[in-house]
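Structural overview for review
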Amino acid sequence: MREERGLQMEGFTLGSPSLVCRWRLASRGLPLENRHLRALGGRTVNGAPVPTALVAWAKQHIEWTLAEGAAAHPDGVLMLLVDERGRAAMTVGPYEPLSPTTASALADRARLASREAAQTGVAPESLWVLSGSRLIWGIGPDERPSGAASLMADLARTLGFAMERREGLALELLDGTVERDEVLLVSDEHGIVAASDAPTRRAERFVEGYRRLLDSFGRRR
């Protein structure tokens, strides 16, 4: 595993990336490892399912080399890159906090992520809207969740929220056609982020749940 100084690894130079996953680290480890790997196995590259051998390769490198490879950025971002020929590389870089975090900015990120989902089957970022007693998840009926989104869904069930999937939610928010009280972005890289220009009374419960996960993971290591 190497840092962001190039993509030449193991005797070859990686081609144009067809898939890039960006996963948040904590204390040189990957808190959502199993969730991310399950989501990786549900993706496609150039129309073909990600091979189980690639998922196994990623798991092996995370377990064997991540602690050393993340020494310079213990709370950084692990990036998995797969090129058009199915060759893969991993690299670790610094984490940069998300900005801006207005509701419209979060919706725009989710809109762009949905384009990736159309190509790979999984959106790395999704929009969630609290509207009255409903928690609306901006995901298609057959779309697979990312690692972070699966955590958010589990937190919602634990907190007693009933979820509703709605494809195109980000566009509805940008167009002003959805009623919304609180807005969140759920991201493999940034975790659970509440909109800075909307109320956060209930949203903060999800944000705090993610923070506690990162903190407890660091204490266990």
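This is a predicted model, so every value here is computed, not measured.

Definitions and limits used
Residues numbered from 1 in each chain as written. Predicted model: local features only at pLDDT ≥ 70, side-chain atom pairs only at ≥ 80, totals over all residues. Heavy atoms only, no water. Pairing = 2+ DSSP bridges. Helix = DSSP H or I, 4+ residues; strand = E, 2+ residues; numbered from the N terminus. Core = buried A, V, L, I, M, F, W, Y, C linked by side-chain atoms within 4.5 Å. Buried < 20%, exposed > 50% of the residue type's maximum accessible area, 1.4 Å probe, protein only. Salt bridge = Lys/Arg side-chain N within 4 Å of Asp/Glu carboxyl O. Contact = heavy atoms within 4.5 Å. Polar contact = N/O pair within 3.5 Å; in protein donor to acceptor, adjacent residues only side chain to side chain. pLDDT = per-residue confidence, 0-100.

Digging into the pairing of strand β13 (residues 191–194)
- Bridge count between strand β12 (residues 182–187) and β13: four bridges; the pairing is antiparallel. Note that in β13 the partner of V186 across the bridge is I192.
- The turn joining β12 and β13, which pair antiparallel and follow one another in sequence, is formed by three residues.

Digging into the nonpolar core
- Judged by nonpolar contacts, the single largest core of 24 residues is most densely connected at W128, L135, M152, L184, I192 and F206.
- Within the residue set of this core, elements represented by two or more residues are β9 (125–131), β10 (134–137), α4 (147–158), β12, β13 and α6 (203–220).
- Among the nonpolar cores identified, the runner-up in size contains 22 residues, and V50, L54, I62 and M90 belong to it.

Notes on unusual backbone geometry
- Each neighbour pair has its own omega, and for S99 with P100 the value is -5 degrees, a cis peptide bond.
- Among the secondary structure elements, P100 is positioned in the loop between β8 (88–93) and α3 (103–120).

As for the pattern of salt bridges
- Inspection of the entire model under this criterion finds 16 salt bridges.
- Between R43 and D188 there is a salt bridge whose closest N-O contact spans 3.9 Å. With a gap of 145 residues between them, R43 in the loop between α1 (33–41) and β5 (44–45) and D188 in the loop between β12 and β13 connect regions that are remote in the sequence. In this structure, R43 and D188 share a single accessibility class: buried.
- For D154, the salt bridge is made with R157, and the minimal N-O distance between the two is 2.9 Å.

Considerations on the side chain of R43
- On the basis of relative accessibility, which here comes to 2%, the residue R43 falls in the buried class.
- Contact partners of R43, with chain neighbours within four places excluded, come to L19, C21, A48, P49, V50, T120, V122, P124 and D188.

Describing the side chain of H190
- In this fold, H190 is placed in the loop between β12 and β13.
- Side-chain polar atoms of H190 contact the side chain of Y95, separated by 2.8 Å.
- When sequence neighbours within four positions are dropped, the list of residues in contact with H190 reads Y95, E96, P97, L98, R109, E125 and Y210.

Quick look at the pairing of β8
- The element β8 is extensively covered by neighbouring structure, given that six of its six residues are classed as buried.
- Side chains of β8 alternate between two faces, with A88, M90 and V92 and A89, T91 and G93 buried alike.
- Bridge count for strand β7 (residues 77–83) against β8 is six bridges, and the pairing is antiparallel. Counted as the bridge partner of M79 is T91 from β8.
- Here β7 folds back onto β8 in antiparallel fashion, the turn holding four residues, of which G86 has a positive phi close to 85 degrees.

Some remarks on the confidence of the model for the protein
- Averaged over the protein, the pLDDT score is 91; the fraction of residues at 70 or greater is 93%.
- Contacts for the low-pLDDT stretch residues 1–12, under 50 throughout, to residues beyond four places or in other chains number 35 contacts.

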